[in-house]
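# Structure assessment
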Amino acid sequence: MRGYTLIETIIVIAITAILSGAIIGYTRSTENQIILYRDQAVIVGVLNRAKSLAIQKFNQVSSGYSSCAFGVHFEGPRTFVLFQDLTDGNCNAPGRSFVYDASGGEALQTFSLDSRLNFIGLPVGVDVAFIPPDLIATTTLAGGFPVMITIQSNTGGLTASTTISRAGQIT
């Protein structure tokens, strides 16, 4: 009875190792893409929630405060906050800015990107707010609109961007 030679066995092991390495590399790349697109969907969802709240809460007064706008505050490399811009006065006052006040109880919910992702090209402390009833967007970004929110994997290879227009359109 004839068996396998040592050379044949080594070739089979080498081919198996090459195929296993390719599958492991492919799986890690796919996992990073899923994480990136999942967190991009969370950002878009939070922006859409801010728009929805702006319409829903328009002209409602509770505890002496009214919500002039709802928006998202991008705090740092991974953190962003859904907020309501509160006032006890006139929302339409001249020169009124719609910005996040961390000490004013305006935070509704805080979110964080996956630890393998970061915001890139976005200065710390940028706000995007939606002003009812027309849902016109405003921002604290120096360049104005459009606002591009880009997230990148820490490995540097993968990025995903979300853009917000002055009219409040999110793409």
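A brief report on the enclosed structure follows.

Turning next to the nonpolar core. Among soluble globular proteins, nonpolar side chains are generally buried collectively. Counting 30 residues, the largest nonpolar core has I43, F74, F80, F119, F130 and I149 as the members making the most contacts within it. Secondary structure elements with two or more residues in this core: α1 (6–56), β2 (65–74), β3 (79–87), β5 (117–120), β6 (126–131), β8 (147–153) and β9 (159–164). A total of eight residues in this core trace back to one element, the largest contributor, which is α1. Not counting residues within four places of it along the chain, the set of residues in contact with I43 comprises F74, F80, L113, F119, I149 and I151.

Another aspect to go through is the pairing of strand β7 (residues 136–139). Alternating residues of β7 divide into A137 and T139, all buried, and I136 and T138, none buried. Counted between consecutive antiparallel strands, the loop separating β6 from β7 contains four residues, among which L135 sits at a positive phi close to 60 degrees.

One can find S153 in strand β8. S153 has contacts with L36, R116, L117 and L158, leaving out every residue within four places of it along the chain.

Our focus in this paragraph is the pattern of salt bridges. This structure, assessed with the given rule, holds four salt bridges. A salt bridge links E31 to R116; its shortest N-O distance comes to 3.3 Å. Taken as a pair, E31 in helix α1 and R116 in the loop between β4 (107–112) and β5 lie far apart in primary sequence, 85 residues in all. Judged by relative accessible area, E31 falls into the partly exposed class, the value being 36%. For R38, the salt bridge goes to D114, with nearest N and O atoms at 3.6 Å. On the criterion of sequence distance, the pair formed by R38 in helix α1 and D114 in the loop between β4 and β5 is long-range, its members being 76 residues apart. Using a relative accessible area of 43% as the deciding quantity, one classes R38 as partly exposed.

Take the packing of aromatic side chains next. Tallied over the full model, the rule gives four aromatic pairs. Ring centres 5.4 Å apart and planes at 85 degrees place the aromatic pair F74 and F119 in the edge-to-face group. In this pair, F74 sits in strand β2 while F119 sits in strand β5, placing the two residues 45 residues apart along the sequence. The exposure class assigned to F119 is buried, which follows from its relative accessible area of 9%. Between F80 and F119 the ring centres are 6.0 Å apart and the planes differ by 80 degrees, which places this aromatic pair in the edge-to-face class. Placement of F80 in strand β3 and of F119 in strand β5 is noted, with a sequence separation of 39 residues between them. Take F80: its relative accessible area is 1%, and that puts it in the buried class. Among the aromatic residues, those joined into a cluster by ring pairs are F74, F80, F111 and F119.

Reading the values: the criteria
Residues numbered from 1 in each chain as written. Predicted model: local features only at pLDDT ≥ 70, side-chain atom pairs only at ≥ 80, totals over all residues. Heavy atoms only, no water. Core = buried A, V, L, I, M, F, W, Y, C linked by side-chain atoms within 4.5 Å. Buried < 20%, exposed > 50% of the residue type's maximum accessible area, 1.4 Å probe, protein only. Helix = DSSP H or I, 4+ residues; strand = E, 2+ residues; numbered from the N terminus. Contact = heavy atoms within 4.5 Å. Pairing = 2+ DSSP bridges. Salt bridge = Lys/Arg side-chain N within 4 Å of Asp/Glu carboxyl O. Phe/Tyr/Trp six-rings, centres within 6.5 Å; stacked < 30°, edge-to-face > 60°.

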